[in-house]
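Now for the letters of each chain:
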Amino acid sequence: MSVSKRPGWDKYFMDIAQVAASRSNCSRRQVAAVLVRDKRIISTGYNGTPRGVRNCSDGGCPRCNSDAPSGSHLTECLCSHAEENAIVQAAYHGIMVKGATLYTTYSPCLLCAKMIINAGIVEVVYHQRYSIDNVSMALLAEAGVKVRPVEDDEEL
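The structure presented is a predicted model; accordingly, all values stated were derived computationally and were not measured. (Residues numbered from 1 in each chain as written. Predicted model: local features only at pLDDT ≥ 70, side-chain atom pairs only at ≥ 80, totals over all residues. Heavy atoms only, no water.)

K.L.:
Teacher, can you tell me more about the nonpolar core here?
P.N.:
What tends to happen in soluble globular proteins is that the nonpolar side chains get buried as a cluster. Core analysis: the biggest nonpolar cluster contains 19 residues, and Leu35, Ile87, Val97, Leu102, Ile116 and Ile121 have the highest contact counts within it. When contributions to this core are tallied by element, the ones reaching two or more residues are strand 1 (32–37), helix 2 (82–92), strand 3 (101–106) and helix 3 (110–119). Leave out the neighbours within four places in its chain, and Val97 touches Leu35, Arg37, Ile42, Ala90, Ala119, Gly120 and Ile121. Membership of the second largest hydrophobic core comes to eight residues, among which are Ala17, Val34, Val36 and Val150. (Core = buried A, V, L, I, M, F, W, Y, C linked by side-chain atoms within 4.5 Å. Buried < 20%, exposed > 50% of the residue type's maximum accessible area, 1.4 Å probe, protein only. Helix = DSSP H or I, 4+ residues; strand = E, 2+ residues; numbered from the N terminus. Contact = heavy atoms within 4.5 Å.)

In structure tokens:
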């Protein structure tokens, strides 16, 4: 019997993030994040409206349900970002994220970058670049947070 090739850790956690993104109720973009410490998932999050608020896909966020161009009118968006939700979900359950690695389907925006830094997350691994992430990437680098794209890794 042959054993199929096992995915490396990066691919494994990013694949889980991709599945978590399918839970997003945002009508514009489905994004997810997975927080990992010691090769164990400690929290997940996906983007969407806050708990108890009508889902974005049901008209809950006026900005997401408008024709506003990508990257515009962001202060009007009611959705919480995937990275934000992963960090907040950990806090909600009393789980420390200091020293963790964050796997995310898109590189973080500026607000999420500030949360990542202040939460003590040490590394961000992303699948795709977010179109307006230049300032956030520079801020993460200045703060000493390692940021890198996911690698096509071999079995580890």
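Now that the structure has been shown, we can carry on.
K.L.:
Would you take a moment to explain the pairing of strand 2 (residues 40–46) for this structure?
P.N.:
Across six bridges, the pairing between strand 1 and strand 2 is antiparallel. Residue pairing in the sheet places Val34 in a bridge with Thr44 of strand 2. From the end of strand 1 to the start of strand 2, which pair antiparallel, there are two residues, and Asp38 there has a positive phi angle of about 55°. (Pairing = 2+ DSSP bridges.)

K.L.:
Got a minute to help me understand helix 2 in this structure?
P.N.:
An α-helix turns once per 3.6 residues; consequently, residues spaced three or four apart project the same way. For helix 2, the full list of buried residues reads Ala82, Glu83, Glu84, Ala86, Ile87 and Ala90. Where helix 2 is buried, its residues meet strand 1, strand 2, strand 3 and helix 3. Residue Gly94 follows helix 2 closely and has a positive phi angle near 70°.

K.L.:
How should the sheet that holds strand 5 (residues 146–149) be read in this particular structure?
P.N.:
Paired through backbone hydrogen bonds, the strands of a sheet run either parallel or antiparallel to each other. Pairing in this open sheet of five strands is mixed, and the strands run 2-1-3-4-5 from one edge to the other. Whereas interior strands pair on both sides, the edge strands pair on one side only; in this sheet they are strand 2 and strand 5. Across this sheet, the average inter-strand angle for adjacent strands is 20°, counted without regard to direction. This element, helix 2, spans strand 1, strand 2 and strand 3 of the sheet and lies at about 125° to strand 2. (Axes fitted to C-alpha atoms, helices over the stretch in contact; angles between N-to-C directions.)

K.L.:
Quick question: what am I supposed to make of the pattern of salt bridges here?
P.N.:
Side-chain pairing between opposite charges can occur once the charged atoms of the two side chains come close. For the structure on display, the rule yields five salt bridges. Linking Glu123 and Lys146 is a salt bridge whose minimum nitrogen-to-oxygen distance equals 3.8 Å. Pair noted here: Glu123 is in strand 4 (residues 123–128) and Lys146 is in strand 5, with a separation of 23 residues, a long-range link. Owing to a relative accessible area of 47%, Lys146 belongs among the partly exposed residues under this scheme. (Salt bridge = Lys/Arg side-chain N within 4 Å of Asp/Glu carboxyl O.)

K.L.:
Is there a simple way to think about the packing of aromatic side chains in this case?
P.N.:
Given two aromatic rings, one states the distance between the centres and the angle between the planes to describe the pair. By the definition in use, this model includes four aromatic pairs. Measuring from centroid to centroid gives 5.6 Å for Trp9 and Phe13, while their planes differ by 20°, and the two rings are stacked. Within this pair, Trp9 and its partner Phe13 are both found in helix 1 (residues 9–21), separated by four residues, close to a single helical turn. Relative accessible area serves as the criterion here: at 27%, Trp9 is assigned to the partly exposed category. Here Phe13 falls in the buried class, since its relative accessible area comes to 2%. In this structure, Arg29 packs its charged tip against the face of Tyr106, placed 4.9 Å from the ring centre. (Phe/Tyr/Trp six-rings, centres within 6.5 Å; stacked < 30°, edge-to-face > 60°. Lys NZ or Arg CZ within 6 Å of the ring centre and 35° of its normal.)

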